[in-house]
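# Examining the three-dimensional arrangement
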Amino acid sequence: MILQLEGIKRYYQKGAETIHALDGVTLDIEKGQFMAIVGPSGSGKTTLLNIIGCLDSPTEGTIRYNGQVLGSMTENERSEYRKHHISFIFQSYNLIPVLTVLENVELPLVIERRLSRQQIRNRALDLIHAVGLEGTENRYPRELSGGQEQRVAIARALVKEPYIVLADEPTANLDSHTAEEIVDLMARINKERGATFIFSTHDALVQKHARRVVTIRDGKIFSDDRREGAPADGPHNSSPGRFAPQADSTRGV
Amino acid sequence: MLWKIAWRNVWRHGKRTALTIVTMTFGLGLFIWMDSMLKGMDRVGLENIINLTDSSLKITTRQYEEEGGYSLDYGIDRLQEVESALKEDPRVLAVTTRTRALGQLSNGRYATPVLITVIDPERDRRVYTLGEYVEGSWFPQDVAAPIIVGKALATELGVGPGDWITLAARTRWEAHNARDFQIVGLLNAPEPSLNKGTVFIPFSVGEDFLELDGLRTEISVRMEKRTNLAWAMADSDELAHRIEERFPELRAKSFGEVGRAFLELSKAKSKGASIIILVVLLIGGLGIANTILMSVFSRIKEIGVLRAFGLNPRQIRRLFMIEGAIIGLVGSASGLLFGLLLDLQLIVYGFPLEAMMGNIDMGLPLSGNLYGEWNPDAFVVALSLGFLLAIMASWGPAKRASKMEVTDALRFV
């Protein structure tokens, strides 16, 4: 089990009103899973992803990552956790506009400072190739289509070989054809490289590919479907591969 | 990577950045230019002290110095001995003696108080450069009672070269005396006090006119020129000290002593200019703060992404501080270049201060153009000031960026 969420609550105060964004979510997530979190707008999907990604802290409840409790971390500790273990894919891609495709993909590794310059370059080029963007390395985001930008965002998310990839509505801004390509790409990478993918989505296409679909309503888990017919999850049961998580003292947490 | 992102972001909004840099360039350029002009004024002022009023070293008796008022009661007794002692010093180029007294100059209708300086025309020229500023002649041999009058004074009395004028004074023995002198030249030196209230007569006439009997109230000394102002001041200080040691009854006032007092006064005068420069730099600082703040606001989502990928608040702050520093460095360098060009113009062609100011008395040595002075200190100050200003101005916006909640930043549209 890579992640265990127990009784997670997240309340916000909006004037006199208390908003229950998450109201007691308990969830186990296995390594290498390809999982969708669905639900209507305002149901708490993004809040759940933010809490898993340590962008936000729960009001109550416990999160275990690889069996370790992520307690009340300082801002810097949360940055370290994100730096080494988590990657994000955003709905509106959020590439850094002043960096080229290659530099955008290299960015997480440069921030992580774990590899040499040459290793960073090789790995970024490998990922750019894997998402089918060879030849665009020196282009800037403004010179790319939406689909290409999201591919760059996927390459950027995967380049540091994270244990968990959190994708918030990754296909929402794409046409259906491109969305299908992107979902196929992520499913393939999940299968080949074993990173755990957790999506928040409204997209039926994403849900179709997901091995597990968790539905949230009003901050609570409404249903949790494990799908037999969907494409298989990544190699979570095999011995730790390139993307499979394991205790890694160099990565902290 | 932070440097790369910062550098490219600085130029991403080129117009905004350019405007800030132009403000800094203008501010720092003006600072260098004004500093050069003030230094030029200082230089002219110091040169005037040596060349026109006080020489490298001025020796009087202690009573004469303490009492003031140009009394003829306190002549230098061991004149020959002092002159010999001075000439022993290889740094001494020339020595002359003077006697000063108060008097009245009259054109027959009006009279005005003046300072009479009795000089040895030949020896005086080797110590002072007054001769260069005389319109007319420097004490021709064929005029029996020649006088050189300050130009402003002559204008006030409506007289000019060739005119006769009456000079009245008390002699050494307290007798009233008056005599007609023929104006042979008008002194138009870059030192307003000389032009306005001084007349010069030679000892050949002055001895008799003031009943001096060889009385000399001042010894003026010209010392060799040094390339460095501080060395020149130290030379004159050292010689003054030696003379006072050897002749305890004398007061030797070095050019260093007079110069330092002048520079202190000049520093006070330049405070007004500093305020103008501070205002310009403040505008530049606000420009930088605004540019960085705009940059923060236009990149809130980008800040969220960088935080999501693991940059901590300190690194986010550093990113924006680097942007401020880049603007500061480019702005300072550009200001320095602009300042150097302005400075070059001021040093080579000068500033027509006299033409612009006309007859307004600013207490400044005005004569033709005022030339600037290279001052490497000002370049260093301009560079560091611009850079520090940029760092200080970026601090607030950078801190704001680092304090942003990641979730809020990512949600920002």
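Anything mentioned here points back to the structure above.
What comes next is a walk through the structure. (Residues numbered from 1 in each chain as written. Chains lettered and ligands numbered in written order. Predicted model: local features only at pLDDT ≥ 70, side-chain atom pairs only at ≥ 80, totals over all residues. Heavy atoms only, no water.)

### Quick look at the interface of chain B and chain A
Contact residues are listed per partner, giving 20 residues for chain B and 28 residues for chain A. Between K4(B) and E103(A) there is a salt bridge, with the nearest N and O atoms lying 3.2 Å from each other. Counting across the interface, chain B meets chain A through 6 residue pairs in polar contact (both at pLDDT 80 or more). Elements supplying a minimum of two residues to the side of chain B that touches chain A: α1 (2-12), α12 (300-308) and α16 (406-411) of chain B. Among the elements that make up the side of chain B that touches chain A, the one with the highest residue count is α12(B) (6 residues). Along the lines of polarity and charge, the residues of the side of chain B that touches chain A split into 10 nonpolar, 4 polar and 6 charged. (Contact = heavy atoms within 4.5 Å. Salt bridge = Lys/Arg side-chain N within 4 Å of Asp/Glu carboxyl O. Polar contact = N/O pair within 3.5 Å; in protein donor to acceptor, adjacent residues only side chain to side chain. Helix = DSSP H or I, 4+ residues; strand = E, 2+ residues; numbered from the N terminus. Nonpolar A, V, L, I, M, F, W, Y, C, P; charged D, E, K, R; others polar.)

### Section: the sheet that holds strand β1 (residues 3-14) of chain A
Residues and elements named next belong to chain A. An order of β2-β1-β4-β5 is seen for the 4 strands of this open sheet, with the pairing classed as antiparallel. Either end of the sheet is taken by a strand with one partner, and the two such strands are β2 (17-29) and β5 (68-69). Here strand β4 (residues 60-65) pairs with β5 via 2 bridges, running antiparallel. Paired with R64 across the two strands is V69, which belongs to β5. (Pairing = 2+ DSSP bridges.)

### What about the sheet that holds strand β8 (residues 196-201) of chain A?
Residue and element names in this part refer to chain A. Reading across from one edge, β6-β7-β8-β3-β9-β10 is the order of the 6 strands in this open sheet, with mixed pairing throughout. Looking at strand neighbours, the two that pair on one side only are β6 (86-89) and β10 (220-226), the edges of this open sheet. If you compare each strand with its neighbour and ignore which way they point, the axes differ by 20° on average. Docked against the sheet, helix α5 (residues 146-158) engages β6, β7 (164-168) and β8, running at close to 175° with respect to β6. (Axes fitted to C-alpha atoms, helices over the stretch in contact; angles between N-to-C directions.)

### Notes on the packing of helix α13 (residues 313-348) of chain B against helix α15 (residues 376-403) of chain B
All names here are of chain B. Viewed as axis vectors pointing N to C, α13 and α15 meet at an angle of 155°, and their least axial separation amounts to 7 Å. Judged on the interaxial angle alone, α15 and α13 are roughly antiparallel. Crossing of α13 over α15 shows right-handed handedness. Of the residues that constitute the contact of α13 with α15, the class distribution is 18 nonpolar, 6 polar and 3 charged. (Parallel < 35°, antiparallel > 145°, perpendicular 65-115°, else oblique. Left-handed = near helix turned anticlockwise from the far one by under 90°.)

### Focus on a nonpolar patch on the surface
All names here are of chain B. Residues L344, V348, Y349 and W374 make up a contiguous nonpolar surface patch of roughly 440 Å² in combined accessible area. Tracing the backbone shows L344 in helix α13. Residue L344 is classed as partly exposed on the basis of its relative accessible area, which comes to 41%. (Patch = residues over 30% accessible without salt bridge, like charges linked within 9 Å, V, L, I, M, F, W, Y side chains within 5 Å. Areas by Shrake-Rupley, 256 points an atom, 1.4 Å probe, with all protein chains shown as cover. Buried < 20%, exposed > 50% of the residue type's maximum accessible area, 1.4 Å probe, protein only.)

### Digging into empty space enclosed by the protein
All names here are of chain B. What the rule picks out here adds up to 1 cavity of 30 Å³ or more. Reported here for the largest cavity is a volume of approximately 60 Å³. The wall of the largest cavity is formed by N9, V10, H13, R16, T17, T291, I292, S295, E323 and I327. The set of elements that each furnish at least two residues to the lining of the largest cavity consists of α1, α2 (14-53), α11 (271-298) and α13. (1 Å grid on protein atoms, 1.4 Å probe; cavity = no way out; pocket = protein on both sides within 12 Å on 5 of 7 lines; lining within 4 Å. Points joined across faces, edges and corners; volume = space filled by probe spheres on them.)

### Remarks on the packing of aromatic side chains
All names here are of chain A. Inspection of every chain in the model, using the stated rule, returns 11 aromatic pairs over all chains. Here the aromatic rings of F34 and F197 are separated by 5.6 Å at their centres, their planes lie at 50°, and the arrangement is tilted. With a gap of 163 residues between them, F34 in strand β3 (residues 34-38) and F197 in strand β8 connect regions that are remote in the sequence. Given a relative accessible area of 1%, F34 falls into the buried group. Between F34 and F199 the ring centres are 4.9 Å apart and the planes differ by 75°, which places this aromatic pair in the edge-to-face class. With a gap of 165 residues between them, F34 in strand β3 and F199 in strand β8 connect regions that are remote in the sequence. Residue F34 shares its accessibility class with F199, and that shared class is buried. An aromatic cluster of at least three residues, connected via ring pairs, comprises F34, F197 and F199. (Phe/Tyr/Trp six-rings, centres within 6.5 Å; stacked < 30°, edge-to-face > 60°.)

### Structural notes on the layout of surface pockets
Approximately 860 Å³ is the volume found for the second largest pocket. Lining the second largest pocket are 36 residues, with T46(A), T47(A), N50(A), D168(A) and R411(B) positioned closest to its centre. No other element matches the 5 residues that helix α1 (residues 45-52) of chain A contributes to the lining of the second largest pocket. Within the lining of the second largest pocket, the residues separate by chemical class into 11 nonpolar, 15 polar and 10 charged.

### Describing the side chain of T215(A)
Position of T215(A) relative to the elements: it lies in strand β9 (residues 212-217). The contact partners of T215(A), leaving out residues within four places of it in the chain, are V38(A), K220(A), I221(A), F222(A) and S223(A).

### Section: the nonpolar core
Grouped together as the largest cluster of nonpolar side chains are 83 residues, with contacts concentrated most on L3(A), L48(A), I164(A), I198(A) and F320(B). Setting aside anything within four residues of it in sequence, one finds L3(A) in contact with L27(A), D28(A), I29(A), I52(A), I63(A), R64(A), Y65(A), Y81(A), I164(A) and I198(A). Ranked by size, the runner-up nonpolar core spans 37 residues in total, among them V131(A), I182(A), L185(A) and A195(A). (Core = buried A, V, L, I, M, F, W, Y, C linked by side-chain atoms within 4.5 Å.)

### Re unusual backbone geometry
Of note in the backbone geometry, E161(A) takes a positive phi value of approximately 50° without being a glycine. Residue position: E161(A) is located in the loop between α5 and β7. Take E161(A): its relative accessible area is 9%, and that puts it in the buried class. One non-glycine residue, D213(B), lies in positive phi territory at about 50°. Relative to the helices and strands, D213(B) is located in the loop between α8 (203-209) and β9 (218-223). Residue D213(B) is classed as exposed on the basis of its relative accessible area, which comes to 60%.

### What about the pattern of salt bridges?
By the definition in use, this model includes 40 salt bridges over all chains. Where R212(A) meets D224(A), a salt bridge forms, and the shortest distance between an N and an O atom there is 2.8 Å. Taken together, the positions of R212(A) in strand β9 and D224(A) in strand β10 put the pair 12 residues apart, joining distant regions of the chain. The class of R212(A) is buried, set by a relative accessible area of 2%. For the salt bridge of R242(B) with D89(B), the shortest nitrogen-to-oxygen distance reads 2.4 Å. With a gap of 153 residues between them, R242(B) in helix α9 (residues 229-246) and D89(B) in the loop between α4 (79-88) and β2 (92-106) connect regions that are remote in the sequence.

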